[in-house]
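# Analysis of the macromolecular model
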Amino acid sequence: MSKFFPLKIKNIIRETEEAVSLEFEIPQKLKTEFSFKAGQYVTLRTTIEGKEVRRAYSLCTPPAAETFKVTVKEVKGGTFSVIANNKLQAGDMLEVHPPEGKFVFEPVQDGHLHTYAAFAAGSGITPVLSILKTVLKEEKHSRFVLVYGNRTPDETIFFKELLKLQAGHPDRLFIEFVYSRCNEENCHYGRIDESTVNYVLKNRFKDTSFTRFYLCGPEEMINKVSEVLLKNNIKKEQVLFELFNTEVEGEVKSDLEGDTQLTITVDDEEINLTMPRNKTVLEVALDNDIDVPYSCQGGICSSCVARITEGTAEMEKNSILVDSEIEEGLILTCQAHPTSGTLKVDYDDV
């Protein structure tokens, strides 16, 4: 059974006209279950108009804090985000899955000065804020450079909090605000692009050796920043990213005609069934009311990862798993189509 726990909303904070933070109350008996690393996310589950809805949101608080909080930006025509911004109240209950995700920062206590950088746009700031605060608190000698893009200052989530943090750590926290709809003094005008990245690497911090880069936001921004970083001889393994959405259409090159004998292992139980290859493993699991873990269903989170123990499968798209993980047999089941007569996947062995 996928682990969800009912948690009470302790407080709702209006961050901008289009975004609210939901602070949850974590009972003492669940403190260990809901411990997390900076940068991780949780999946929220609720029922809207009789239909189960799941959404993944990054934690914006550092692990050392007493608060457990996510931020939800309202999406026009959205389902859960509209309700979160307009109808939820303190005291309401939501089902919450324990934290997960690989976009993480873990402090090192080696006494050296490390410099980290993050490029975030819009609500992509949420996991970055958790990481940034953790660096400032846990690595006393380290520094953090944040490049943060929005349309205007009024639409900038955590704007005042970031200014306060910068004022409190003038020699350790450096923020470059980027605005696409207004030209503010001492800020960049436009979007985060090649010139913005080059300004950080070749101008303001030209003599700085960066330990790691964290990228979070729209796919277009992440792709452009990654491309420029690699062009500037930053190693691929130094760049971590997390997508909030993707416009890439997936494609499977293999022949998807016919059926496959599928075995799913989840919570130490084996389920055997026949599935058409033109469906994904997750689709078939949900069609058969098998309680497997999932969230976004779009290939941009890691909730539905499983391991192939027999057979082969091909993913429509993959923005999460690295080559070594795929070689080990890991797949995103929301994107995976069988390409063999028999396929066995294990959700427990990940």
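Per chain, residue numbering runs from 1 following the sequence as it is written. Reporting in this predicted model follows two pLDDT cut-offs: at least 70 for local features of residues, and 80 or more for side-chain atom pairs to be given and counted; totals over whole chains, interfaces and linings ignore these cut-offs and use all residues. Processing note: side-chain calculations cover all non-hydrogen atoms of the structure and skip hydrogens and water entirely.

### Side note on the pairing of strand β2 (residues 19-25)
For β2, a buried count of six out of seven residues is recorded, marking the element as mostly surrounded by other parts of the structure. Here the rule is simple: two strands pair whenever DSSP picks up at least two bridges between them. Helix and strand assignments come from DSSP, with helices taken as H or I runs of at least 4 residues and strands as E runs of at least 2, each series counted from the N terminus. The pairing of strand β1 (residues 5-16) with β2 spans seven bridges and is antiparallel. Residue pairing in the sheet places Thr 16 in a bridge with Ala 19 of β2. A loop of two residues connects β1 with β2, the two strands running antiparallel in sequence. Classification of residues uses two cut-offs on accessible area relative to the type maximum, computed with a 1.4 Å probe and protein chains only: under 20% is buried, over 50% is exposed, and between them is partly exposed.

### Points about unusual backbone geometry
A positive phi angle, close to 55°, is found at Asp 289, a residue other than glycine. For Asp 289, the position within the fold is in the loop between α6 (281-287) and β15 (305-310). Using a relative accessible area of 71% as the deciding quantity, one classes Asp 289 as exposed. Positive phi, normally seen in glycine, also occurs at Gln 297, with a value near 60°. Looking at where Gln 297 falls in the secondary structure, it is placed in the loop between α6 and β15.

### Some details on helix α2 (residues 125-138)
Spanning 14 residues, α2 covers 19 Å between terminal C-alpha atoms, matching the ideal 20 Å at 1.5 Å per step. Taken together, the buried positions of α2 are Ile 125, Thr 126, Pro 127, Val 128, Leu 129, Ser 130, Ile 131, Leu 132, Lys 133, Thr 134, Val 135 and Leu 136. Given the number of residues in a helix, its expected span is that number minus one, multiplied by 1.5 Å.

### What to know about the packing of aromatic side chains
Stacked, tilted and edge-to-face are the three classes assigned to paired rings of Phe, Tyr and Trp, where Trp is represented by its six-membered ring and a pair needs centres within 6.5 Å; plane angles under 30 degrees give stacked, over 60 edge-to-face, the rest tilted. Under the definition given, this model contains 12 aromatic pairs. Taking the centre distance of 5.1 Å and the plane angle of 80° together, the rings of Phe 105 and Tyr 116 count as edge-to-face. Of this pair, Phe 105 sits in the loop between β6 (93-96) and β7 (115-121) while Tyr 116 sits in strand β7, and the two are 11 residues apart along the sequence. Here the two residues Phe 105 and Tyr 116 agree in accessibility, since each one is buried. One aromatic cluster is present, formed by Phe 5, Phe 34, Phe 36 and Phe 68 through successive ring pairs. Consider the ring centre and the ring normal. A charge sits over the ring if Lys NZ or Arg CZ is within 6 Å of that centre and within 35 degrees of that normal. Above the plane of the ring of Phe 4 lies Arg 45, whose end atom (NZ or CZ) is 4.1 Å from the centre.

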